[in-house]
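Results of the structural survey
Spelled out, the chains give:
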Amino acid sequence: CSTGIPFDGGLRCLCWKILLNYLPLEKALWSSLLKKQRDLYSQFLKEMIIQPGIAKANLGVSREDVTLEDHPLNPNPDSRWNTYFKDNEVLLQIDKDVRRLYPDMAFFQRPTDYPCLLILDPQNEFETLRKRVEQTTLKSQTVARNRSGVTNVRSSSPLKTSPNSLSEYEVLPNGCEAHWEVVERILFIYAKLNPGIAYVQGMNEIVGPLYYTFATDPNSEWKEHAEADTFFCFTNLMAEIRDNFIKSLDDSQCGITYKMEKVYSTLKEKDVELYLKLQEQNIKPQFFAFRWLTLLLSQEFLLPDVIRIWDSLFADDKRFDFLLLVCCAMLTLIRDQLLEGDFTLNMRLLQDYPISDVHLILKKAKELQDSK
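The sections below set out a description of the structure shown in this document. Source: prediction; values computed, not measured.

Considerations on the packing of helix α15 (residues 321-333) against helix α18 (residues 358-370)
Direction vectors running N to C along α15 and α18 enclose 110 degrees, while the axes themselves pass 8 Å from each other. Considered as vectors, α15 and α18 are oriented roughly perpendicular to each other. The element α15 and its partner α18 pack so that their crossing is right-handed. Seen from α15, the contacting residues are F322, L325, V326, C328, A329, M330, T332 and L333; seen from α18, they are L360, I361, L362, K364, A365, K366, L368 and Q369. Grouping the amino acids of the contact of α15 with α18 by side-chain chemistry returns 12 nonpolar, 2 polar and 2 charged.

Structural notes on the pattern of salt bridges
Within the structure shown, the criterion is met by 18 salt bridges. The salt bridge involving E367 is made with K363; its shortest N-O contact spans 3.8 Å. Here the residue E367 and the residue K363 both occupy positions in helix α18, the gap between them amounting to 4 residues, near one helical turn. Overall, E367 belongs to the partly exposed group, its relative accessible area being 41%. The class of K363 is exposed, set by a relative accessible area of 55%. One network of salt bridges, in which partners are shared, links K17, R38, E221 and D229.

Topic: the environment of R348
Checked against the element boundaries, R348 lands in helix α17 (residues 343-351). Exposure remark for R348: the relative accessible area of 55% places this residue in the exposed category. Sequence separation of R348 and F288 is 60 residues, and the distance between their C-alpha atoms is 9.8 Å.

A short note on the packing of aromatic side chains
With the rule as written, the count across this model stands at 18 aromatic pairs. Judged by centre distance (6.3 Å) and plane angle (45 degrees), the rings of F107 and Y211 are tilted. Here F107, found in the loop between α3 (80-98) and α4 (117-120), pairs with Y211, found in helix α8 (residues 203-215); they are 104 residues apart in sequence, far enough to count as distant. The same class applies to F107 and to Y211, which are both buried. Counting every residue linked through ring pairs, the aromatic cluster contains Y264, Y275, F288, W292, F301 and Y353. Positioned above the aromatic ring of F214, the side-chain terminus of K17 is 4.8 Å from the ring centre. Its end group placed over the ring of F320, R319 keeps NZ or CZ at 5.8 Å from the ring centre.

So, helix α12 (residues 272-280)
Counting along an α-helix, one turn takes 3.6 residues, and residues three or four places apart therefore face a common direction. For α12, the set of buried residues is L274, Y275, K277 and L278. For α12, the arc enclosing every buried residue in end-on projection is 160 degrees, short of the 170-degree limit, so these residues lie on one face. As for α12, its buried residues are in contact with α11 (256-270), α15, α16 (335-340) and α17. Phi for N282, located one or two positions after α12, is positive at around 60 degrees.

Rules of the game
- Residues numbered from 1 in each chain as written.
- Predicted model: local features only at pLDDT ≥ 70, side-chain atom pairs only at ≥ 80, totals over all residues.
- Heavy atoms only, no water.
- Axes fitted to C-alpha atoms, helices over the stretch in contact; angles between N-to-C directions.
- Helix = DSSP H or I, 4+ residues; strand = E, 2+ residues; numbered from the N terminus.
- Parallel < 35°, antiparallel > 145°, perpendicular 65-115°, else oblique.
- Left-handed = near helix turned anticlockwise from the far one by under 90°.
- Contact = heavy atoms within 4.5 Å.
- Nonpolar A, V, L, I, M, F, W, Y, C, P; charged D, E, K, R; others polar.
- Salt bridge = Lys/Arg side-chain N within 4 Å of Asp/Glu carboxyl O.
- Buried < 20%, exposed > 50% of the residue type's maximum accessible area, 1.4 Å probe, protein only.
- Phe/Tyr/Trp six-rings, centres within 6.5 Å; stacked < 30°, edge-to-face > 60°.
- Lys NZ or Arg CZ within 6 Å of the ring centre and 35° of its normal.
- Arc of directions from axis to C-beta.

By themselves, these observations are geometric and do not establish any function.
See below:
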C-alpha cells in the first residue's frame, strides 16, 4: 500500500478499511462485521436525525402530545428542543464547509446513486439536514451592511450565483441527495457522538477524500454502503489525529505544536542550512505546517494526489511519523528557492506549494526515512 494502491477492482477501498482498523485481518469475519456496523449506523440515523415532536409511528412510537412535557421554550438542558437548537449551530457550520468541498470537482454536487432511503422515504417523516439548514437560515436572515452604508438583507444560504456554477449548485429534486449532503450527515452524526470535540473546521477536508474513495469504487456493494463505511473509517482516523483539532492540547506532547516543532527538528537533522535560513527569516512552522499536518496535506494537492499520499500515510506502521518526513521532503525539494527568497516570497511558496508531482515528494520522503 505504501507504494500506491492500484485503483482497479476496489482494492484501495478494501485496503483503507483494513489500514484504518475498520476491517480485521481475519477475512472470514468481514461480512458479519460489515453487516453489524452498517446496522449500527442505521440506528444512529434513526436516533439522531429526527426533529423532536415529529411522530414516528413507523418506528413503533405512538404519537404523543410532546408539548406537555417538552416544547421549544423549555429551559431544561435535557430538553430535546434545547438539544435541537444547539445541534443547529453545529449543523450550520458543517453545512457551510461541506458545500465548499473540492469546488473544482463536480462530484460532491452530483446526486448519489444510493440516497439514504431511511431519510428520504416520505413514510418516515424524517427531516433532511438540508431542509433543516434552509429553515434555520431563513429564520436568521443576515443583514450585511456594506461600506457605503447600504444595507443588504441576504439569506446566508451558501449558494454560488456565478452563471457557470449555477447548474452545479441547483437544488436537487425531492428523493435525490447530493454527495455533499451525505458528507454533511456523516459529520453531523460524528459531532453528536463526540460532544467533547463535536465539529471543528477542517474535519470536512479529512472526510472528503475517504468518502470520495468509497463512493467512486467500482464495486457496487462498497459504493452502496459508502456512507456507513466512511463514517466508521473517519471515526477511527479521527481517534488517531483528533488531538490536532483540540486547542487545549496544542502545547502538550500529543498536540499540534509539538508535531510542528518536530518537522523543524527533523529538517535540522536533514538540512541544517535550510533550517537556519527559515529560522533567520522567522518563518515559524505554524505559518504552513499547521495546515499540512492537521489536514494530512488534503489542501495542498489535487484530490487524486491526496489519495495517493494517504495510501502511504495509512500504511505507515508508526502512524503519521511518515507525514513529518513528507513535510520535510516538501521543504527540501524547494530548498534553492527558499534559500534565495525573502520572507514574503518564501511564505507564498509555503502557503501555495509549487510542486504538484506527489511521486517525487513521496520518493524524497522515503529517502529521508532510509537515511536515518
